[in-house]
Each structure stands twice: as C-alpha cells, then as structure tokens.
Amino acid sequence: MIIVLEPNTPEKEVQNLITEVKQNGVEVHRSDGQSYTILGLVGDTSKVQESPILSNKWVHNLVHIQEPYKRANKIFKPEATIIEVAGHKIGGDAIVVMAGPCSVEGKDAVIEHAKAVKEAGAHFLRAGAYKPRSSPYSFQGLGKEGIEYMLEAKKETGLPIVTEIMSIGTLDEFKDVDIIQVGARNMQNFALLKALGKTDKPILLKRGLSSTIEEWLMSAEYILAEGNPNVILCERGIRTFENYTRNTLDVSAVPMVKRLSHLPIIVDPSHAAGLWWMVDSLSKASIAAGADGLIIEVHPDPAHALSDGAQTIKPQQFAKLMIEMDKIAKVLERHVI
Ligand code: PEP
Ligand code: MN
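Given the structure is predicted, the values throughout are model-derived calculations rather than measurements. (Residues numbered from 1 in each chain as written. Chains lettered and ligands numbered in written order. Predicted model: local features only at pLDDT ≥ 70, side-chain atom pairs only at ≥ 80, totals over all residues. Heavy atoms only, no water.)

### With respect to the sheet that holds strand β3 (residues 37-42)
Ordered in space as β2-β3-β1-β4, the four strands form an open sheet in which the pairing is antiparallel. Strand pairing shows two members of the sheet lacking a second neighbour, β2 (27-32) and β4 (59-63), which therefore form its edges. Averaged over all adjacent pairs, the angle separating strand axes in this sheet is 20°, with direction ignored. Where strand β1 (residues 2-5) lies against β4, four bridges are found, and the strand directions are antiparallel. Across the sheet, I2 pairs through a bridge with V63, a residue of β4. (Pairing = 2+ DSSP bridges. Helix = DSSP H or I, 4+ residues; strand = E, 2+ residues; numbered from the N terminus. Axes fitted to C-alpha atoms, helices over the stretch in contact; angles between N-to-C directions.)

Okay, structure coming up:
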C-alpha cells in the first residue's frame, strides 16, 4: 500500500501520518519526489484502516500495490534510482560499461587486462576471483588472491572493480571491491542476499538461469528489505529450448524492468550468447532497448583464456564496439564515452 501526499504537505503532517500508520506494525518507506512525497507501507497492511487516511486532507491518494515486490516497485519510488560508484552514475544518462576477462588469471595478467580494457574505454574492470563452474574439475578461480590481484589492477589503472561473491563467509574480502556481483546461480541464495542487504555496497544482481522477472525482482527485494538500496539488475540470458546460443538474451526484460522498477538494469551479452561474434549485436540491441550499462568479457587472447574464451572478445573489437555503442546511445540522448 502506498500513500501519495499532496504537494507541499507540511513536514509536521508527514511525520504525524508516519507515526499513525506505524502504530499498525508496518514499516514506512518514504520517497520524496519532485512533486509528490510517497509513503510506502511494507509488512502486514491488513490492520491499516483506510478511512482515516483517506479523510486526511494532506493525502492525495492511496494505492494498493498488487506485486509482491514493494521496495523494488516503481509505484513505491517513481524516480529512477541512480547509483553512484567511483564517480560513475549507474542509471543516469551515461551508459556504464564493465569489461574484462571471465576470470582473474594471475596478478600480471589481470593488470594487463585492466590496462587493455581501460585503453579501450571501459569504466569498470570485471573479472571473477571466485568462479561458479558447472564442473568441479574446471578452473575454480584464484579466490582471495584473485581479489588482491584485482585491487592491484585497480591501483595501477584507477579502474573500479566488479567481482562475484559466492559465499557469505568471504564477505570481508570484498570490502574494497566497488561492486559485488551476485551470479545467476546465486540469485536465490537468500541468506547471501540478506547478508549483502546489511552492507552498503552496490550489488550487481544477475538474473537466475531460469528465473522470471518477478522472481528476480523479489531477490532484489531481499537486499532492499535489509536496508541496502544499491541494487543494479543484470540480464544475462535465460535458459530456453534454443541451443544455438548458450542462453537466450531476454532483451524484453530491459523495458519490462524499466516499467516495473526504479532500479538500474545492465546487460551481459557475453553469457547470454556464449558466442564472441554475437556480443557486438547484442550489446547494441541492449542499448537500443534502454539498458543502463553492459558487462562484457574481454581478453587479449580468448583462445587461451582460463574460462569462457568462446564468448570473449578482444580489446580491439571492444574498442570499436565502444565507439559504435556511443553513436547508438547519442540517438537516445545518452552516451557511452
Ligand atoms: C560471470 O560473470 O563470469 C558469470 C559466471 O556470470 P553468470 O552468473 O551470469 O553465469
Ligand atoms: Mn564468464
């Protein structure tokens, strides 16, 4: 349930109303927009009496939210959420691009990869230190050391870093990481989501392999409900009957999420396609669909990358893509560069 207040409602009246509704045991989430202040009620709203609220002259409207996600809902907070990380505004006019290898492959390697993507125009370095691999016999990532190497790469290049967390026990290792990624396989690891919700770190929440948009927004809700408002959604393809691509990029998730939620959404074309040559088209399609950013796998020698080489583009291809994406973004009054 949300209460929309009249423009210029005196602060004292807002506070009185908040106190009144809180007496029913619900939590109140306040959102001050340009013209309206909105009070979002979360919890069991069945005891909230509507008539005294509706008879309050400062109340413009009372709306019931049908969707199970409340804090992630656009009705709750009509203004787009813009998340500021290391000088970049995710969800604003700029389209933010994160690039780098699938895995951290070593200290010198990740520094070299960071320099290459920075030179091509990337805004963030992506790389996995902890890797969720389908086979226990595949390279599992360098773990804690991998994060330390990424921090070295950050120091050398100035690029902020994004890397994946796989278990709560390692959370301390992420204190200097700029964006913590929750991978597709952990989208419904609710204990992990709750723990991340207690931090103030920006969280990149990937869509689960076979998750609906509603399930994905409910996972975002877990983080928001614990008090962390910094959630960035990431569409990375879903499992369908189609086998020519690794996953099917659900481009329609971008405008749908924009309609349903105020949270920023970026796209990962690499894990969606599983094919390096398709990354170019899918990246451009994502920008055209309204994505706020991209996360792309880039490696100077994809054939010898320790993971996901088949879907990885080279720095030169990435540099060209950045320029072309910027042209598409400009048509939409946004920019990449
Ligand atoms: C990754 O980004 O390297 C990754 C494992 O992604 P996803 O969780 O989308 O499969
Ligand atoms: Mn990968």
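More follows now that the structure is in view.
### Considerations on the packing of helix α5 (residues 190-197) against helix α6 (residues 213-225)
Closest axis-to-axis distance for the α5/α6 pair is 6 Å, and the angle between their directions is 40°. Taken together, the axes of α5 and α6 are oblique relative to one another. As α5 runs across α6, the sense of the crossing is right-handed. Judged by residue contacts, F190, L193, K194, L196 and G197 of α5 engage S219, Y222 and I223 from α6. Here the residues of the contact of α5 with α6 sort into five nonpolar, two polar and one charged. (Parallel < 35°, antiparallel > 145°, perpendicular 65-115°, else oblique. Left-handed = near helix turned anticlockwise from the far one by under 90°. Contact = heavy atoms within 4.5 Å. Nonpolar A, V, L, I, M, F, W, Y, C, P; charged D, E, K, R; others polar.)

### Things to note about the packing of helix α3 (residues 107-119) against helix α4 (residues 144-157)
Interhelical geometry of α3 versus α4 gives an angle of 40° and a closest axis separation of 9 Å. It follows from the interaxial angle that α3 and α4 lie oblique. Of the two elements, α3 crosses α4, and the hand of that crossing is right-handed. On the side of α3, the interface is formed by K107, V110, I111, A114, K115 and K118, while α4 contributes Y149, M150, E152, A153, E156 and T157. Looking at side-chain class alone, the contact of α3 with α4 contains six nonpolar, one polar and five charged residues.

### Points about the site of ligand 1
The full set close to ligand 1 counts 13 residues, and R126, K131, A184, K206 and R236 are the nearest of them. Contact distances for ligand 1 include 2.9 Å between an oxygen atom and a side-chain N or O atom of K131. R236 places a polar side-chain atom, nitrogen or oxygen, 2.6 Å from an oxygen atom of ligand 1. Its free accessible area being 300 Å², ligand 1 has 97% of it covered by the protein chains. (Near = heavy atom within 4 Å. Polar contact = N/O pair within 3.5 Å; in protein donor to acceptor, adjacent residues only side chain to side chain. Areas by Shrake-Rupley, 256 points an atom, 1.4 Å probe, with all protein chains shown as cover.)

### Description of the layout of surface pockets
Of the volumes computed, that of the largest pocket is approximately 230 Å³. Residue composition of the lining of the largest pocket, by class: three nonpolar, seven polar and 10 charged. (1 Å grid on protein atoms, 1.4 Å probe; cavity = no way out; pocket = protein on both sides within 12 Å on 5 of 7 lines; lining within 4 Å. Points joined across faces, edges and corners; volume = space filled by probe spheres on them.)

### Points about the domain arrangement of the chain
Accessible area lost on assembly of the parts is the figure often given for the size of an interface. Assigned domains within the chain: domain 1 (2-63) and domain 2 (83-331). A C-alpha centroid distance of 37 Å is found between domain 1 and domain 2. (Domains from an automatic or database assignment.)

### Focus on the pairing of β3
Most of β3 sits out of view: six of its six residues are buried. Residues of β3 alternate between two faces, with T37, L39 and L41 on one and I38, G40 and V42 on the opposite face, all of them buried. Bridge analysis of β1 against β3 gives three bridges, and the strand direction is antiparallel. Paired with I2 across the bridge in β3 is G40. (Buried < 20%, exposed > 50% of the residue type's maximum accessible area, 1.4 Å probe, protein only.)

### Details of the environment of L217
In this fold, L217 is placed in helix α6. Note: C-alpha distance between L217 and L125 (92 residues apart in sequence) is 26 Å. Discounting chain neighbours no more than four positions away, the residues touching L217 are Y69, A72, L233, L260 and S261.

### So, the environment of I38
Along the chain, I38 falls in strand β3. Assessed through its relative accessible area of 7%, I38 is described here as buried. Separated by 34 residues in sequence, I38 and V4 place their C-alpha atoms 4.7 Å apart. Not counting the four nearest positions on each side in its chain, I38 is found in contact with I2, I3, V4, H29, R30, S31, I75, F76 and P78.

### So, α4
For α4, spanning 14 residues, the distance from its first C-alpha to its last is 20 Å, which sits close to the expected 20 Å at 1.5 Å a residue. Within α4, the full set of buried residues consists of G146, I147, Y149, M150, A153 and T157. Taken around the axis of α4, the buried residues stretch over an arc of 160°, which confines them to a single face. Considering only its buried residues, α4 is in contact with α3, β8 (124-126) and β9 (161-165). The first or second residue beyond α4 is G158, which carries a positive phi of 85°. (Expected span 1.5 Å × (residues − 1). Arc of directions from axis to C-beta.)

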